[in-house]
Amino acid sequence: MPKPPQKPPRDPTLGQEKNPAMSCMDVKKWGLKTAKSGNYWVNVASKGPQKVFCDMETDKGGWTLFFNYVHQPGAELLLDENKLPINLKSNTHMHLQNAGFNHRDVKEIRFLCTERIKSDKKYWHFKTMNKEIIETVMTGDQTGLKVN
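This text gives an overview of the structure that appears in the document. (Residues numbered from 1 in each chain as written. Predicted model: local features only at pLDDT ≥ 70, side-chain atom pairs only at ≥ 80, totals over all residues. Heavy atoms only, no water.)

## Re the overall build of the chain
Now for step 1: Summing up its helical and strand segments, the chain has three helices and seven strands in all.
Now for step 2: From first element to last, N terminus to C terminus, the chain shows the α and β order α-β-β-β-β-β-α-β-β-α.
Now for step 3: Across its three principal axes, the chain shows a C-alpha extent of roughly 65 × 40 × 30 Å.
Now for step 4: A burial count over the chain gives 28% of its 148 residues as buried.
Now for step 5: For the chain, the share of sequence-separated contacts (at least 6 apart) that also reach a separation of at least 24 residues comes to 34%.
Now for step 6: For the chain, the accessible area works out to roughly 10900 Å², and carbon and sulfur atoms hold 54% of it.
Now for step 7: The chain carries 23 positive and 16 negative side-chain charges, and their two centres are separated by 8 Å. (Helix = DSSP H or I, 4+ residues; strand = E, 2+ residues; numbered from the N terminus. Buried < 20%, exposed > 50% of the residue type's maximum accessible area, 1.4 Å probe, protein only. Contact = heavy atoms within 4.5 Å. Areas by Shrake-Rupley, 256 points an atom, 1.4 Å probe, with all protein chains shown as cover. Lys, Arg positive; Asp, Glu negative; His and termini not counted. Charge placed at Lys NZ, Arg CZ, Asp CG, Glu CD.)

Next comes the structure, spelled out in structure tokens:
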């Protein structure tokens, strides 16, 4: 009876600067088994190795952060559109095409929003494979979105 194919061994250095992964999901699947959310190096198609923030816990993990907005009541919203966020405290985003991702890299987008009202914390969490939403995230062009 033939042996089943073996999975390649995990590489604990995957996602480090000298060994960038192909995606946050690759770090989750093939890197350190106990990989936590944080900064990893990912080899983005047209840009080469980039430092990104990977969420390794939410919804089974392996997500790349591309937009982060922390609203402080009474504060003016300032977003840096020229870099990917590398932490959850800075207001920054980049359209995925500008970051070097292409359409074959992006299959699904996940949104996780939190709001604090006094001592209550409320969450809005959804993911989508909607082509119009993915196109907007890729390019920033909102003309393809339909409003009901």
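Now that the structure has been shown, the text picks up again.
## Notes on the pairing of strand 7 (residues 120-128)
Now for step 1: Bridge count for strand 6 (residues 109-117) against strand 7 is nine bridges, and the pairing is antiparallel. Bridging across to strand 7, Cys113 finds its partner in Trp124.
Now for step 2: Hairpin connection of strand 6 to strand 7: two residues between the antiparallel strands, including Lys118 at a positive phi of 55 degrees. (Pairing = 2+ DSSP bridges.)

## Topic: the pattern of salt bridges
Now for step 1: This structure, assessed with the given rule, holds two salt bridges.
Now for step 2: Asp55 serves as the salt-bridge partner of Arg110, at 3.0 Å between the closest nitrogen and oxygen. In this pair, Arg110 sits in strand 6 while Asp55 sits in strand 2 (residues 48-55), placing the two residues 55 residues apart along the sequence.
Now for step 3: Between Asp59 and Lys127 there is a salt bridge; the shortest N-O distance is 2.8 Å. Highlighted residues: Asp59 in the loop between strand 2 and strand 3 (63-64) and Lys127 in strand 7, separated in sequence by 68 residues.
Now for step 4: Taking relative accessible area as the criterion, Asp59 reaches 29% and is therefore assigned partly exposed.
Now for step 5: Residue Lys127 is classed as partly exposed on the basis of its relative accessible area of 42%. (Salt bridge = Lys/Arg side-chain N within 4 Å of Asp/Glu carboxyl O.)

## Let's talk about the nonpolar core
Now for step 1: Core analysis: the largest hydrophobic core is formed by 22 residues, its most contacted members being Leu84, Leu96, Phe101, Val106 and Ile109.
Now for step 2: Breaking this core down by element, the ones donating at least two residues are helix 1 (24-30), strand 1 (38-44), strand 2, helix 2 (96-99) and helix 3 (131-139).
Now for step 3: Leave out the neighbours within four places in its chain, and Leu84 touches Val52, Leu65, Phe66, Thr92, Met94, Ala99 and Phe101. (Core = buried A, V, L, I, M, F, W, Y, C linked by side-chain atoms within 4.5 Å.)

## A few points about unusual backbone geometry
Now for step 1: The backbone of Asp59 shows a phi angle near 50 degrees, a positive value even though the residue is not glycine.
Now for step 2: In the Ramachandran plot, Lys60 falls in the positive-phi region, its phi being about 75 degrees despite a non-glycine side chain.
Now for step 3: Along the chain, Lys60 falls in the loop between strand 2 and strand 3.
Now for step 4: For Lys60, a relative accessible area of 74% puts it in the exposed group.

The values are spatial; any link to function lies outside them.
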